[in-house]
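In case you want the letters, here they are:
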Amino acid sequence: MSFRSHMEQALAEARAAAARGEVPVGAVVVAPDGRVAAAAGNRTRELNDPTAHAEILALRAACAAAGSERLPGHDLYVTLEPCPMCAAAISAARIARLYYGATDPKSGGVAHGARVFAHPQCHHVPEVYDGIAAREAETLLRGFFAERR
Ligand SMILES: [Zn+2]
């Protein structure tokens, strides 16, 4: 099977989140057969839930659809470097490959801060590919926060 990026769909979820007044982050979970298992954008404000990050919502939906707490062989696309909470959830879900866009020196937990996957306690480490459509994701975030200043 040839590689197909699902970052465009993650970016569409991020744009939809921005339109709802949420921080523009989007995520897509792809099943081993290449089918999109779940897609979500950030909904922390709408749901009054600090854990309602795009990755968490997409993982929950994909797990519910699979009827399993684990998603072996699944890939996750997200427009921004996951925070430590999401990185821990990605590990717990046994996600095979993580593709992310913009880096997040302030709140990221993969290449920055807690570096969850580099921690000896991390039981499952996905393959990580960063910088996928990073510029588009950054532009979205920058535009969103500039409007709020
Ligand atoms: Zn997160």
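Conventions and cut-offs
- Residues numbered from 1 in each chain as written.
- Predicted model: local features only at pLDDT ≥ 70, side-chain atom pairs only at ≥ 80, totals over all residues.
- UniProt positions renumbered as here; feature names shortened; annotations may be inferred.
- Helix = DSSP H or I, 4+ residues; strand = E, 2+ residues; numbered from the N terminus.
- Contact = placed C-beta atoms within 7 Å.
- Axes fitted to C-alpha atoms, helices over the stretch in contact; angles between N-to-C directions.
- Parallel < 35°, antiparallel > 145°, perpendicular 65-115°, else oblique.

The chain carries the name tRNA-specific adenosine deaminase in an unreviewed UniProt entry, which gives Salipiger profundus as its organism. The UniProt entry for the chain carries the following comment under Subunit (unreviewed entry): "Homodimer."

In the numbering used here, UniProt assigns the "binding site: Zn(2+)" (unreviewed entry) feature to His53, Cys83 and Cys86. These annotated residues cover 34 residues of sequence, but their C-alpha atoms sit close together, with the largest distance between any two at 9.1 Å. Relative to the helices and strands, His53 is located in the loop between strand 2 (36–41) and helix 2 (54–66). Ignoring sequence-local partners within four residues, the contact set of His53 consists of Val25, Asn42, Thr44, Cys83, Met85 and Cys86. Checked against the element boundaries, Cys83 lands in the loop between strand 3 (75–80) and helix 3 (84–92). Setting aside anything within four residues of it in sequence, one finds Cys83 in contact with His53, Ser107, Gly108 and Gly109.

A few words on the packing of helix 1 (residues 7–19) against helix 4 (residues 134–147). Between helix 1 and helix 4, the shortest axis-to-axis distance is 11 Å and the interhelical angle comes to 5°. The angle between helix 1 and helix 4 falls in the class roughly parallel. Every residue of helix 4 that contacts helix 1 at Leu11, Ala14, Arg15 and Ala18 is listed here: Glu136, Ala137, Leu140 and Phe144.

Turning our attention to unusual backbone geometry. Here Arg115, not a glycine, exhibits a phi torsion of approximately 45°, which is positive. Among the structural elements, Arg115 can be located in the loop between strand 4 (97–102) and strand 5 (127–129).

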